[in-house]
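Residue-level listing of the chains:
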Amino acid sequence: MTKTSLSWTWTLALTMGLGLGLTATSAQAQTSQVDKAQALYVTALAATCAGCHGTQGEAVKGSSIPSLFGRPKDDLIQQLHDFQSGARPSTVMGQLAKGLSDAQIEQIATYFAAQR
Amino acid sequence: MHHNRNTRTPRMHAHSIQRRLLLQAGSALSLLGMSPYAASKVPSRAQVVVIGGGYGGATAAKYVRWLSHQKISVVLIEPDPSFISCPLSNLVIGGSGNMGQITSSYASLSRHHGVTMVRDYAQAVDTERKVVRLLSGSRIAYDKLVVAPGVEMRLGSLEGYASAHARGQLVHAWKAGAETVLLRQQLLAMPDGGVFAITIPLAPYRCPPGPYERACQVAWYLQRHKPKSKVLVLDANADVTSKGALFKEVWANPYKGLVEYRPNHRAVGVDVKNGLIQFEVQEDVKANVINALPEMRAGKVAVDMGLADQADGHWCGVHYQTFESTAARDVFVIGDAIQIAPLMPKSGHMANAQAKVAAAAIVAQLSGIAPNPHPMLTNTCYSFVDDQRAIHVASVHAYVNAEQTFKTVHGSGGLSSEPSLREGIYAHSWATNMWADVLR
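Please read all numbers here as calculations on a predicted model, not as lab measurements. Residue positions are given per chain, counting from 1 as you read along its sequence in written order. The naming scheme follows written order: chains are lettered A onward, ligands numbered 1 onward. For a predicted model such as this one, the threshold for reporting local features is a pLDDT of at least 70, and the threshold for listing and counting side-chain atom pairs is 80 or more; totals across whole chains, interfaces and linings nevertheless cover every residue. Water and hydrogen atoms play no part in the side-chain values, which are based on all heavy atoms of the structure.

Things to note about the interface of chain A and chain B
The line we're drawing: Any pair of residues with heavy atoms lying within 4.5 Å of one another is described as a contacting pair. A 1.4 Å probe defines the accessible area here, and the buried area is the portion of it lost by two parts on being joined, summed over both. We define a salt bridge as a side-chain nitrogen of Lys or Arg found within 4 Å of a carboxyl oxygen belonging to Asp or Glu. What qualifies as a polar contact is a pair of N or O atoms within 3.5 Å, subject to a donor-acceptor requirement within protein and to the restriction that residues adjacent in sequence count only when both atoms come from side chains. What counts as a helix is a DSSP run of H or I of at least four residues, what counts as a strand is a run of E of at least two, and both are numbered from the N terminus. Residues are grouped as follows: nonpolar covers Ala, Val, Leu, Ile, Met, Phe, Trp, Tyr, Cys and Pro; charged covers Asp, Glu, Lys and Arg; every other residue, Gly included, is treated as polar.
Listed as interface residues are 35 residues of chain A and, on the opposing side, 45 residues of chain B. Between chain A and chain B, a total of about 3100 Å² is buried, with carbon and sulfur atoms accounting for 64% of that surface. In terms of surface lost to chain B, no three residues of chain A exceed Leu-40, Tyr-41 and Gln-95 of chain A, which account for 19% of the buried area on that side. Across the chain A-chain B interface, the total number found is zero salt bridges. Seen at the junction of chain A and chain B, the total is 15 residue pairs in polar contact (both at pLDDT 80 or more). Only α1 (3-20), α2 (23-46), α3 (50-53), α5 (93-97) and α6 (102-114) of chain A provide two or more residues apiece to the side of chain A that touches chain B. Of the residues belonging to the side of chain A that touches chain B, the class tally is 17 nonpolar, 16 polar and two charged.

Rendered as structure tokens:
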């Protein structure tokens, strides 16, 4: 978080906390903003796949590029690592997978596995 | 599809060309009837206003709605009745594709995502008062503005071009639509033994591999129908700017004798009456069909707004972490109109990727959240070398905070090893999924 938004959040939280005497609310508000931010960042990261694989990883019916929507997490992680290593040969995907860190692969796989 | 917001006159002319073409070309007749969306009442304000419904703008409109769980109101201003894709449009010129295949409806953006579509031109923007003025006279106030006008074709960069273009004698067909059909007709009308010349401006221009793909598509047609003819590629650049080895291999083998490539040829004028192209240095070149790609810069509305603060007023500077303009607050510029980061192509896929970074940043700002510290972009660009085989270039771009720019991730990205049928199939699926990601 930037200083600006932190101080904005704190001001809001303190005002609420002091005004209502509910210090727990400020902590919850903070956590909720952090969670919202993290969810937004991960969704945006997974959206870099959507250009080829479809929004939310849901490819158009009949597509030769596979859907990622709802695929098991472990399977997605394995495939991406195999693309990186070349264990699974590819035209484009190996070149793109090499641009992802292990942490990003984990986040992307978790995101698509959770889509219903 | 990106938008060349020229002045009213050439735009009107483009429409009259379109009407004439539609009367002539029966196959294209279904196009306009395909996706007319009812013009909504123009709202007086929206939290987010998007100018331009191409790959970048339409994606931004959809993703602001989707990422905000439909909480943020979005207006999309686009004059055209339907989305016509530049990617794959070279297949229409070569004859293995048609306009229907590259035309999509905007209807889902409003029906499924609640984007308010306004069919109009964004004429001017007051970035102080944060109001967009439309050609119709309506005004729309915004909290955040996305500017995605594509490129303006600088016809003045070639002497004699503007008047020949206004008469419909010369077309660039670098914005897919009526001109795509007109260029196809010029190719059909060319006699066997004729010369089809493509001139390419100095980079950066829209779609780096596009002119070379077009050369392949014209050669594919000539090989079957007019084998004594030739494609002449006259490039202002010192070498092929994208997928060079792959294109040269195709020109040397399947298209041997059909394609001639000449680097360092900067076209400065056209003489339609005598079929001549004039160059900065070399002798004039004669051609039956002249397909001159003029120099380009950011779309007119962006220039008029003062956003083109880079490269001698040609391109719009952005803070790459969010794509917010370096010239105006609460204004985001995406797509072909921006000053690119190193190795970032001006492509439809890149515009789609940038749109998602900008949309996420806008949703973050309007929700009191800090923008993503590590945005990422991917790009995959296919080119067809004939009716079925394709080649690609792919890249991954990560935002580097210390340098405040995007850089390609070390060890990632690359090219095809050779043209293949398999990549041709992927290219069509790419288009289908991409258009769905932009519009549905």
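Things to note about the packing of helix α3 (residues 55-67) of chain B against helix α12 (residues 421-439) of chain B
Residues and elements named next belong to chain B. For the record, the criterion: Angular values range over 0 to 180 degrees, each being the angle between N-to-C directions of two axes fitted as lines to C-alpha atoms, with helices fitted over their stretch in contact. If an angle is under 35 degrees, it is roughly parallel; if it is over 145, roughly antiparallel; if it lies from 65 to 115, roughly perpendicular; otherwise it is oblique.
Here α3 crosses α12 at 55°, and the two axes come no closer than 7 Å. Considering their axes alone, α3 and α12 lie oblique with respect to each other. Within the contact between the two elements, α3 uses Tyr-55, Ala-58, Thr-59, Lys-62 and Tyr-63 and α12 uses Trp-430, Met-434, Trp-435, Ala-436, Asp-437, Val-438 and Leu-439. Here the contact of α3 with α12 is built from residues that sort into nine nonpolar, one polar and two charged.

Observations regarding the sheet that holds strand β10 (residues 195-200) of chain B
All names here are of chain B. Threshold: A strand pair is defined by DSSP finding two or more bridges across the two strands.
Taking strand neighbours across the sheet as the criterion, the four strands line up as β12-β11-β10-β16 in an open arrangement whose pairing is parallel. Because the sheet does not close on itself, it has two edges, and the strands there are β12 (259-262) and β16 (289-292). Averaged over all adjacent pairs, the angle separating strand axes in this sheet is 15°, with direction ignored. Here four bridges tie strand β11 (residues 230-235) to β12, and the two strands are oriented parallel to one another. Bridging from a neighbouring strand, Leu-232 pairs with Glu-260 of β12.

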